Amino acid sequence: MAGTLRMRGQLALGLGGPRPRLTGRITAERLPLPGPAARGTAPLGLERLGALDAELAVEAGRVEPQGWVPLEAFTGTLKLAGGTLRLEAGQAKLAGGTLRGSLTVEGTATPPRLALEAQLADVTIGTPLFELPFDLGAGRVGARPGCRLPATAWRRWRRRWKAASASRCATAC
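Basis of the calculations
- Residues numbered from 1 in each chain as written.
- Predicted model: local features only at pLDDT ≥ 70, side-chain atom pairs only at ≥ 80, totals over all residues.
- Heavy atoms only, no water.
- Core = buried A, V, L, I, M, F, W, Y, C linked by side-chain atoms within 4.5 Å.
- Buried < 20%, exposed > 50% of the residue type's maximum accessible area, 1.4 Å probe, protein only.
- Helix = DSSP H or I, 4+ residues; strand = E, 2+ residues; numbered from the N terminus.
- Contact = heavy atoms within 4.5 Å.
- Pairing = 2+ DSSP bridges.
- Salt bridge = Lys/Arg side-chain N within 4 Å of Asp/Glu carboxyl O.

K.L.:
Would you explain the nonpolar core in this entry?
P.N.:
Most often, soluble globular proteins keep nonpolar side chains buried together rather than apart. Leu 31, Ala 60, Val 63, Leu 71, Phe 74, Leu 94 and Leu 99 are the most contacted members of the largest nonpolar core, which totals 16 residues. Of all the secondary-structure elements, those providing two or more residues to this core are strand 2 (21-33), strand 3 (53-65), strand 4 (71-81), strand 5 (84-94) and strand 7 (113-125). A per-element tally of this core places strand 3 first, with four residues. Ignoring sequence-local partners within four residues, the contact set of Leu 94 consists of Val 69, Pro 70, Leu 71, Leu 99, Leu 120 and Val 123. Counting six residues, the second-largest nonpolar core is a separate cluster that includes Leu 46, Ala 54, Val 105 and Leu 114.

K.L.:
I tried to follow the pairing of strand 3 on my own but got confused; where do I start?
P.N.:
Within a regular strand, side chains alternate between the sheet's two faces. Inspection of the sheet shows strand 2 paired to strand 3 by 12 bridges, in the parallel sense. Counterpart to Gly 24 in the pairing with strand 3 is Leu 56. Where strand 3 meets strand 4, nine bridges bridge the pair, whose relative direction is antiparallel. In the strand pairing of strand 4, Glu 59 is matched with Thr 75.

K.L.:
In this structure, what is going on with the pattern of salt bridges? I would like to understand it.
P.N.:
Evaluated as defined, the whole model comprises nine salt bridges. With its nearest N and O atoms 4.0 Å apart, the salt bridge here joins Glu 29 to Arg 6. On the criterion of sequence distance, the pair formed by Glu 29 in strand 2 and Arg 6 in the segment before strand 1 (7-14) is long-range, its members being 23 residues apart. Overall, Arg 6 belongs to the partly exposed group, its relative accessible area being 44%. Across the salt bridge formed by Arg 25 and Glu 59, the nearest N and O atoms sit 3.9 Å from each other. With Arg 25 in strand 2 and Glu 59 in strand 3, the pair connects residues that are 34 residues apart, well separated along the chain. On the basis of relative accessibility, which here comes to 31%, the residue Glu 59 falls in the partly exposed class. One connected set of salt bridges, linked through shared partners, spans Arg 30, Arg 62, Glu 64 and Glu 72.

Quick look at the structure:
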């Protein structure tokens, strides 16, 4: 336990390969996640992903990504190999529905790349989602968004997402 973060699990560190390898299972009651800064020119530091390999099963009662909607009952597997981080079999409850998906961050690619695939089912919209002039304000939604972009474009994409009209938003990815 550290501050308000409560986690438990089993971890093993192997030192017999070309890079250290961390394996195990982590369970958290609440998992706050920092978001990448939407502004600035500082590198994202993704080259550090090449420092070790890992495979971790992760469960969290609540995941709180900074600047995004909290996820409940999250499960997934984080795999890190050769500088590429993957979230596989990610699943969580979101606004009364289900979110499933995967995320890949290729930290050693030049430029670094990010890929996201997701499936939303039976998500209830109760308040405006994107804070745009034209927005979704109420109803239920199911969707299969996917996006691939250089990781260095994340800040620019996020600024446009917040500032663009709905039609521009649909073409940002």
